[in-house]
Number of protein chains: 4
Amino acid sequence: MASTKGIAAGLVKNIMKYIVEGGGFDRLLEKVSIVSAGEGRCLAEMVVEDKHLNRGGSMHGGFTALLVDTITTVALMTDGKGVPGVSVNMNINYLKPAFPGEEILIDAKTKRVGKTMAFLDVDVKKKVSGDLIATGSHVKFIG
Amino acid sequence: MASTKGIAAGLVKNIMKYIVEGGGFDRLLEKVSIVSAGEGRCLAEMVVEDKHLNRGGSMHGGFTALLVDTITTVALMTDGKGVPGVSVNMNINYLKPAFPGEEILIDAKTKRVGKTMAFLDVDVKKKVSGDLIATGSHVKFIG
Amino acid sequence: MASTKGIAAGLVKNIMKYIVEGGGFDRLLEKVSIVSAGEGRCLAEMVVEDKHLNRGGSMHGGFTALLVDTITTVALMTDGKGVPGVSVNMNINYLKPAFPGEEILIDAKTKRVGKTMAFLDVDVKKKVSGDLIATGSHVKFIG
Amino acid sequence: MASTKGIAAGLVKNIMKYIVEGGGFDRLLEKVSIVSAGEGRCLAEMVVEDKHLNRGGSMHGGFTALLVDTITTVALMTDGKGVPGVSVNMNINYLKPAFPGEEILIDAKTKRVGKTMAFLDVDVKKKVSGDLIATGSHVKFIG
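Residues numbered from 1 in each chain as written. Chains lettered and ligands numbered in written order. Predicted model: local features only at pLDDT ≥ 70, side-chain atom pairs only at ≥ 80, totals over all residues. Heavy atoms only, no water.

### Concerning the relation of the copies chain A and chain B
The two chain copies are related to each other by a rotation about an axis together with a translation along it.
Link 1 in the chain: Expressed as a screw transformation, the operator carrying chain A onto chain B has a rotation angle of 180 degrees and an axial translation of 0.0 Å, and the superposed copies differ by an RMSD of 0.0 Å. On the angle and the small slide along the axis, the relation comes out as a two-fold axis. Of the C-alpha atoms belonging to chain A, the one lying closest to the rotation axis is found on N91 of chain A, 2.2 Å away.
Link 2 in the chain: In this assembly the copies share their binding face: 100% of the residues contributing to the interface of chain A also contribute to that of chain B. (Least-squares fit on C-alpha atoms with pLDDT ≥ 70 in both. Contact = heavy atoms within 4.5 Å.)

### Quick word on the interface of chain C and chain D
Link 1 in the chain: At the junction of the two partners, chain C supplies 31 residues and chain D supplies 31 residues.
Link 2 in the chain: Buried surface at the junction of chain C and chain D, both sides included, amounts to about 2500 Å², of which 52% is carbon and sulfur.
Link 3 in the chain: Contact with chain D buries surface across chain C, with F25, R55 and Y94 of chain C losing the most and accounting together for 28% of the total.
Link 4 in the chain: Our enumeration of links across chain C and chain D arrives at zero salt bridges.
Link 5 in the chain: Of all the secondary structure elements, the ones that give two or more residues to the side of chain C that touches chain D are α1 (9–20), α2 (61–77) and β3 (86–94) of chain C.
Link 6 in the chain: Sorting elements by how many residues they give to the side of chain C that touches chain D places β3 of chain C first, with eight residues.
Link 7 in the chain: Broken down by class, the residue content of the side of chain C that touches chain D amounts to twelve nonpolar, twelve polar and seven charged. (Buried area = accessible area lost by both parts, 1.4 Å probe. Salt bridge = Lys/Arg side-chain N within 4 Å of Asp/Glu carboxyl O. Helix = DSSP H or I, 4+ residues; strand = E, 2+ residues; numbered from the N terminus. Nonpolar A, V, L, I, M, F, W, Y, C, P; charged D, E, K, R; others polar.)

### A few points about the interface of chain A and chain B
Link 1 in the chain: Residue-level contacts link 31 residues of chain A with 31 residues of chain B.
Link 2 in the chain: Interface area, chain A with chain B, both sides summed: about 2500 Å², of which 52% is carbon and sulfur.
Link 3 in the chain: For the interface between chain A and chain B, the tally reads zero salt bridges.
Link 4 in the chain: At the junction of chain A and chain B, the tally comes to 24 residue pairs in polar contact (both at pLDDT 80 or more).
Link 5 in the chain: Of all the secondary-structure elements, those providing two or more residues to the side of chain A that touches chain B are α1 (9–20), α2 (61–77) and β3 (86–94) of chain A.
Link 6 in the chain: For the side of chain A that touches chain B, the leading source of residues is β3 of chain A, giving eight residues.
Link 7 in the chain: Residue composition of the side of chain A that touches chain B, grouped by class: twelve nonpolar, twelve polar and seven charged. (Polar contact = N/O pair within 3.5 Å; in protein donor to acceptor, adjacent residues only side chain to side chain.)

### With respect to unusual backbone geometry
Residue and element names in this part refer to chain C.
Link 1 in the chain: The phi angle at E39 is positive, at roughly 55 degrees, despite the residue not being glycine.
Link 2 in the chain: When you line up the elements, E39 lands in the loop between β1 (33–38) and β2 (41–47).
Link 3 in the chain: Assessed through its relative accessible area of 70%, E39 is described here as exposed. (Buried < 20%, exposed > 50% of the residue type's maximum accessible area, 1.4 Å probe, protein only.)

### Observations concerning the environment of A65 of chain A
Link 1 in the chain: When you line up the elements, A65 of chain A lands in helix α2.
Link 2 in the chain: Considered as a pair, A65 of chain A and M90 of chain A are 25 residues apart in the sequence and their alpha carbons are 8.4 Å apart.
Link 3 in the chain: Apart from residues lying up to four places away in sequence, A65 of chain A is in contact with M90, I92 and Y94 of chain A together with A65 and M90 of chain B.

### Quick word on the packing of α2 of chain A against helix α2 (residues 61–77) of chain B
Link 1 in the chain: The contact between α2 of chain A and α2 of chain B brings their axes to 8 Å, and the two run at 155 degrees. Relative to α2 of chain B, α2 of chain A is oriented roughly antiparallel. The handedness of the crossing between α2 of chain A and α2 of chain B comes out as right-handed. Along its contact with α2 of chain A, which presents G61, G62, A65, L66 and D69 of chain A, the element α2 of chain B presents G61, G62, A65, L66 and D69 of chain B.
Link 2 in the chain: Looking at the contact of α2 of chain A with α2 of chain B residue by residue, the classes come out as four nonpolar, four polar and two charged. (Axes fitted to C-alpha atoms, helices over the stretch in contact; angles between N-to-C directions. Parallel < 35°, antiparallel > 145°, perpendicular 65-115°, else oblique. Left-handed = near helix turned anticlockwise from the far one by under 90°.)

### Some thoughts on the confidence of the model for chain A
Interpreting fine coordinate detail is not advised for predicted regions of low pLDDT.
Link 1 in the chain: Averaged over all residues, the pLDDT of chain A equals 92, while 94% of them reach at least 70.
Link 2 in the chain: With a pTM of 0.95, the predicted complex shows an ipTM of 0.93. (pLDDT = per-residue confidence, 0-100.)

### Observations regarding the pairing of strand β3 (residues 86–94) of chain D
Moving residue by residue along a regular strand, the side chains alternate between the two faces of the sheet.
Link 1 in the chain: Most of β3 of chain D sits out of view: eight of its nine residues are buried.
Link 2 in the chain: Inspection of the sheet shows β3 of chain C paired to β3 of chain D by five bridges, in the antiparallel sense. Across the sheet, N93 of chain C pairs through a bridge with N89 of chain D, a residue of β3 of chain D.
Link 3 in the chain: Examined bridge by bridge, β3 of chain D and strand β6 (residues 132–141) of chain D share eight bridges and lie antiparallel to one another. When the sheet's bridge partners are listed, N91 of chain D is paired in β6 of chain D with S137 of chain D. (Pairing = 2+ DSSP bridges.)

### With respect to the relation of the copies chain C and chain D
Link 1 in the chain: The transform that puts chain C on chain D rotates by 180 degrees and translates by 0.0 Å along the axis, for an RMSD of 0.0 Å.
Link 2 in the chain: Both copies share a contact surface, since 100% of the interface residues of chain C are interface residues in chain D too.

### Description of the packing of aromatic side chains
Link 1 in the chain: By the definition in use, this model includes six aromatic pairs over all chains.
Link 2 in the chain: Where F25 of chain C meets F63 of chain D, the ring centres are 5.1 Å apart and the plane angle is 75 degrees; that geometry is what we call edge-to-face. With F25 of chain C in the loop between α1 and β1 and F63 of chain D in helix α2 (residues 61–77), this pair bridges two chains. There is no split in this pair, since F25 of chain C and F63 of chain D are both buried.
Link 3 in the chain: Here a set of aromatic residues connected by ring pairs shows up, and it is made of F25 and F63 of chain A together with F25 and F63 of chain B.
Link 4 in the chain: We note R55 of chain A situated over the ring of Y18 of chain B; from NZ or CZ to the ring centre the distance is 3.7 Å. (Phe/Tyr/Trp six-rings, centres within 6.5 Å; stacked < 30°, edge-to-face > 60°. Lys NZ or Arg CZ within 6 Å of the ring centre and 35° of its normal.)

Written out as structure tokens, the structure is:
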């Protein structure tokens, strides 16, 4: 479950640890585990908890956005250039709610890394059923 | 600075208090103040702190997304129907970084409330210079 | 090249013919061929011509948007409900330019069809190299 | 009605004429008139005709996307740098249908022009009622 592909597993674990332990907003991802990463891709997992919810009792769309932002950035960092880039655009579609106790997967892929722009896509889904919770794209400037 | 328009100031303050004190992900907005609200609009403000940052030292794009999500939802709740709705799509453009200590404004407007869909726009900007940090839109299902 | 899966080939050809021959804006897709379609998916192809270009000499982003809009709608119509729906949001990322004479593929997939909302994704790519020209998502109301 | 601000009226008319008469996809905007333009802004108008419709009888979302793409680009060209840029992301929300015979306004504004990226917003609305048909954003690379 904790294997990584493409680049050394330890390296990606370290990237995630570095991000989460900085004391900034990414501290809220402390429960996210990297399942595999490398060659522009990053698959992560976590269990939805009460602290991730909106007032309606399902996973907060703002938390989903944090997952999209950070896990796509980790995916980008496993690509050749190894840079995090700067966000230009993030777009998220919300397909289905997720509830406390549910295991979810965050599957981020680099679609293109050009000279100045990088394009990433992500699916957030339920681990057991495979049902999509959200799909998103993230455009970053890396020039 | 703390006046509200359209609906009673106290009511909007209460909505925000209710959202933030629920113990869910919106607890991270505890430093956000409502400047004015009513008739489908909500203007809020806060000061960027270390805990809102990414590893690059500027306000995290995921935190911006949380602001966009929640403040547009408060704006929607001041509209006639008074419902929070369910997120369908959120799109955010990142124009300029914000840094610790900077005062920022989050200005959310309802563009349309139909029978089943609501459309909201938001500008996130620096209070002193007026420079845009981010612009975004949020589509919610309210049927 | 002209086989369809999931529903009868002739039916999808007829849908496309019906759309293009209506005299509306879809007449501009007269050179698009359906490669395969069914079960919420539609794969189409065409060759870029001068009339599809912007002033810079590459395929116009507005034409790409037309491809995204219409081919995702055909994909949706091959799903169980068979309805075209009404557009709520369309988001497109532009990854690489396409030039006159290039064969391109438009690959649209239904990600979810709920009671009231449908979510579709699309890749527009070069047939020979597989390079992505654009990726997009389309949210439609089908209630 | 045909006055322009910021830069010479004749110049913007010429830009639009240059774009439309190139024989490319922008030829489909031949009925669009520039109302005013300059300082990063462009206001245009047109009357919806049968050839702009989808099969449902309202203005085609792909045509709306063409309006968004091109009119924001003209707005950008009236800004200081005078360059059209290259599309990176386009996002459109569809609020209300428009019907044949209706006069519509396309109001595009430059939100930021940085060293490498430009951000534009647009409202498409009904001239008589002011009702919004669509709102959109367009991110362009201008480096």
